[in-house]
Amino acid sequence: MWELLAEYLGFLLKIVTLLVALVILIVSVTAIKRSREGDEQLQVQELNERQQDLRLSLQEEWLDSKAIKKLHKEREKKAKADLASQSTRPRVFVLDFKGDLDATQAPVLGREISLLLGLLRPEDEVVVRLESAGGYVHSYGHAAAQLQRLRDKNLALTVCVDRVAASGGYMMACTATKLLVAPFAILGSIGVVAEVPNVHRLLKKHEVDYEVLTAGDYKRTLTVFGENTPEGKQKFLDDLEQTHQLFKSYVKRCRPQLAIDKVAKGEVWYGEQALALQLVDALQTSEAYLLERQAEARVFKVRLKKPLNFTEKIAGSTAAVLEGRLLSWWPKLQATFFHR
């Protein structure tokens, strides 16, 4: 009797476990579907107010209560005075672009610029904080075209580079009406590169045939597995050179003061060197520039962000927990393995 009851309870527990797993799966799929269908969220933050709040918090650390009250009254008085002039003060809209090989943020950048184009006045300015070491030609051509839309409308576009804008990153940066860089930021690399491995000889050694069949003389110039011909290599080089010429022409149109043949050899320079070559307009970090602009303009950070789906949230939370665990364990691991 007891054995039968135990078997029944075990079977019942398996059924309950299966049902719970099924419910979790359905909830997860529904959450993922809803998050994918969700629209992008627009996040706007006025950097003037944020800076003032932080300064006030810092001052409160050493002021007494009487001085703090006085400071708050002065802040309120200044805020009322500023309120009257807000409609006439110039505005600065700050966008961030951090590039990968495929410039995957380019479509988002385009949508952010589309939002601003309907709002910008002649006295307004767009500041793009750019960081990219470059990537695929077509991807960064698309990203640069997004910034070019502002330039085509004769709007003020300032690009700030704190760390790197090379190759496709510089293609984007040069569209600026004002290009600012940190002294040791990396600029340039106006060149084109392609690398194609070939294992044809290895396959031939093992008597493996790999046929490349094409319709059209130049449908496939170089191949990874097939035999590459001198004609195919030359055509590939010709295509690279044509791409390089297009790159040079674009940069020259954006920055006509450049000695393009001197700087378009694939080299990179630090900020101070880039200034001497007229690749940039001035040496200044984005933080310093935006702080200056806050004295005379209202500065807004604008960002379009798509809500994370259920899986991404779980993955992000798990990664954060693991990172915290590893950071906490690292001293113990060092003591165990390296300090014996």
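Before reading further, recall that the structure is shown in the block above.
Anyway, here's the lowdown on the structure attached to this text.

The rules we used
- Residues numbered from 1 in each chain as written.
- Predicted model: local features only at pLDDT ≥ 70, side-chain atom pairs only at ≥ 80, totals over all residues.
- Heavy atoms only, no water.
- Helix = DSSP H or I, 4+ residues; strand = E, 2+ residues; numbered from the N terminus.
- Buried < 20%, exposed > 50% of the residue type's maximum accessible area, 1.4 Å probe, protein only.
- Contact = heavy atoms within 4.5 Å.
- Core = buried A, V, L, I, M, F, W, Y, C linked by side-chain atoms within 4.5 Å.
- Phe/Tyr/Trp six-rings, centres within 6.5 Å; stacked < 30°, edge-to-face > 60°.
- Expected span 1.5 Å × (residues − 1).
- Pairing = 2+ DSSP bridges.
- Axes fitted to C-alpha atoms, helices over the stretch in contact; angles between N-to-C directions.
- 1 Å grid on protein atoms, 1.4 Å probe; cavity = no way out; pocket = protein on both sides within 12 Å on 5 of 7 lines; lining within 4 Å.
- Points joined across faces, edges and corners; volume = space filled by probe spheres on them.
- Nonpolar A, V, L, I, M, F, W, Y, C, P; charged D, E, K, R; others polar.
- Disulfide = S-S within 2.5 Å.
- Polar contact = N/O pair within 3.5 Å; in protein donor to acceptor, adjacent residues only side chain to side chain.

## Quick notes on the overall build of the protein
Line of reasoning, step 1. The secondary structure content of the protein amounts to 12 helices and 10 strands.
Line of reasoning, step 2. Expressed as a percentage of its 340 residues, the buried residues of the protein come to 32%.
Line of reasoning, step 3. A fraction of 74% describes how many contacts in the protein between residues 6 or more apart in sequence connect residues 24 or more apart.

## Describing the nonpolar core
Line of reasoning, step 1. Counting residues in each nonpolar core, the largest one holds 49 residues, and the members touching the most others are Phe97, Val128, Val159, Tyr170, Met172, Leu179 and Leu279.
Line of reasoning, step 2. The element contributing the most residues to this core is helix H5 (residues 137-152), with 5 residues.
Line of reasoning, step 3. Every residue in contact with leucine 279, bar those within four places of it in the chain, is listed here: Tyr170, Leu179, Ile190, Arg255, Leu258, Val263, Trp269 and Ala274.
Line of reasoning, step 4. Ranked by size, the runner-up nonpolar core spans 10 residues in total, among them Leu180, Tyr289, Ala297 and Val299.

## Regarding the packing of aromatic side chains
Given two aromatic rings, their pairing is described by the distance between the two centres and the angle made by the two planes.
Line of reasoning, step 1. Per the stated rule, a full pass over the model turns up 3 aromatic pairs.
Line of reasoning, step 2. Seen in terms of ring centroids, phenylalanine 93 and phenylalanine 300 are 5.8 Å apart; in terms of plane orientation they differ by 20 degrees. Their pairing is stacked. Taken as a pair, phenylalanine 93 in strand S2 (residues 91-98) and phenylalanine 300 in strand S10 (residues 298-305) lie far apart in primary sequence, 207 residues in all. Comparing phenylalanine 93 with phenylalanine 300 shows no difference in burial state: the two are buried.
Line of reasoning, step 3. Look at tyrosine 210 and phenylalanine 225: their rings are 5.0 Å apart centre to centre, the planes differ by 45 degrees, and that puts the pair in the tilted class. Here tyrosine 210, found in the loop between helix H7 (200-205) and helix H8 (230-254), pairs with phenylalanine 225, found in the loop between H7 and H8; they are 15 residues apart in sequence, far enough to count as distant.
Line of reasoning, step 4. Given the relative accessible area of 42%, tyrosine 210 is considered partly exposed.
Line of reasoning, step 5. With relative accessibility at 38%, the residue phenylalanine 225 sits in the partly exposed group.

## Side note on H8
Line of reasoning, step 1. Taking 1.5 Å per residue, 25 residues should reach 36 Å; H8 reaches 37 Å between its end C-alpha atoms and fits that length.
Line of reasoning, step 2. Listed as buried for H8 are Gly232, His244, Phe247, Lys248, Tyr250, Val251 and Cys254.
Line of reasoning, step 3. Those residues of H8 that are buried are in contact with H5, helix H6 (168-173) and helix H9 (260-263).

## Details of the sheet that holds strand S6 (residues 178-181)
Picture the strands of a sheet paired through backbone hydrogen bonds; they go either parallel or antiparallel.
Line of reasoning, step 1. Overall, mixed pairing links the 7 strands, which are arranged S1-S10-S2-S3-S4-S6-S9 in an open sheet. At either end of the open sheet lies a strand with only one pairing partner, and these are strand S1 (41-46) and strand S9 (282-283).
Line of reasoning, step 2. Looking at chain direction, S2 and strand S3 (residues 125-131) are connected through 7 bridges and run parallel. Bridge pairing in S3 places lysine 98 opposite glutamate 131.
Line of reasoning, step 3. Contacting S1, S2, S3 and S10, helix H4 (residues 106-117) crosses the sheet at an angle of about 170 degrees to S2.

## Here we look at unusual backbone geometry
Excluding glycine, residues mostly have negative phi values, and the peptide bonds linking residues are mostly trans.
Line of reasoning, step 1. Even without being a glycine, alanine 103 presents a positive backbone phi close to 45 degrees.
Line of reasoning, step 2. Tracing the backbone shows alanine 103 in the loop between S2 and H4.
Line of reasoning, step 3. Unlike most non-glycine residues, serine 167 shows phi in positive territory, near 55 degrees.
Line of reasoning, step 4. For serine 167, a relative accessible area of 16% puts it in the buried group.

## Here's the deal with the layout of surface pockets
Line of reasoning, step 1. Size it by volume and the second largest pocket reaches roughly 410 Å³.
Line of reasoning, step 2. Residue lining of the second largest pocket: 17 residues in total, with Gly135, Tyr136, Val137, Val192 and Val193 positioned closest to the centre.
Line of reasoning, step 3. Ranked by the residues each element gives to the lining of the second largest pocket, the list is headed by H8, at 4 residues.
Line of reasoning, step 4. Of the residues belonging to the lining of the second largest pocket, the class tally is 10 nonpolar, 7 polar and no charged.

## Focus: the state of the cysteines
Line of reasoning, step 1. Tallied over the entire structure, the rule returns 0 disulfides.
Line of reasoning, step 2. With no disulfide of its own, cysteine 174 lies closest to cysteine 254 among cysteine sulfurs, the gap being 4.0 Å.
Line of reasoning, step 3. Residue class for cysteine 174 comes out buried when judged on its relative accessible area of 0%.

## Brief notes about the side chain of glutamine 146
Line of reasoning, step 1. As for its position among the elements, glutamine 146 is in helix H5.
Line of reasoning, step 2. At a separation of 2.9 Å, a polar atom in the side chain of glutamine 146 contacts the side chain of histidine 142.
Line of reasoning, step 3. Discounting residues that sit within four places of it in the chain, glutamine 146 has contacts with Ala106, Leu109, Gly110 and Ile113.

## Description of the environment of valine 280
Line of reasoning, step 1. Residue placement: valine 280 occurs in the loop between helix H10 (271-276) and S9.
Line of reasoning, step 2. In this structure the C-alpha to C-alpha distance between valine 280 and leucine 187, which are 93 residues apart in sequence, comes to 8.7 Å.
Line of reasoning, step 3. Not counting chain neighbours up to four residues away, the residues in contact with valine 280 comprise Leu179, Val181, Leu187, Arg255, Gly271, Ala274 and Leu275.

## Quick notes on H4
Line of reasoning, step 1. Here H4 contains 12 residues, and its C-alpha end-to-end distance of 16 Å stays within 8% of the 16 Å for a straight helix at 1.5 Å per residue.
Line of reasoning, step 2. Turning to H4, its buried residues are Ala106, Val108, Leu109, Gly110, Glu112, Ile113 and Leu116.
Line of reasoning, step 3. Buried residues along H4 sit in contact with S2, S3, H5, H6 and S10.

Keep in mind that these numbers describe shape and distance, not what the molecule does.
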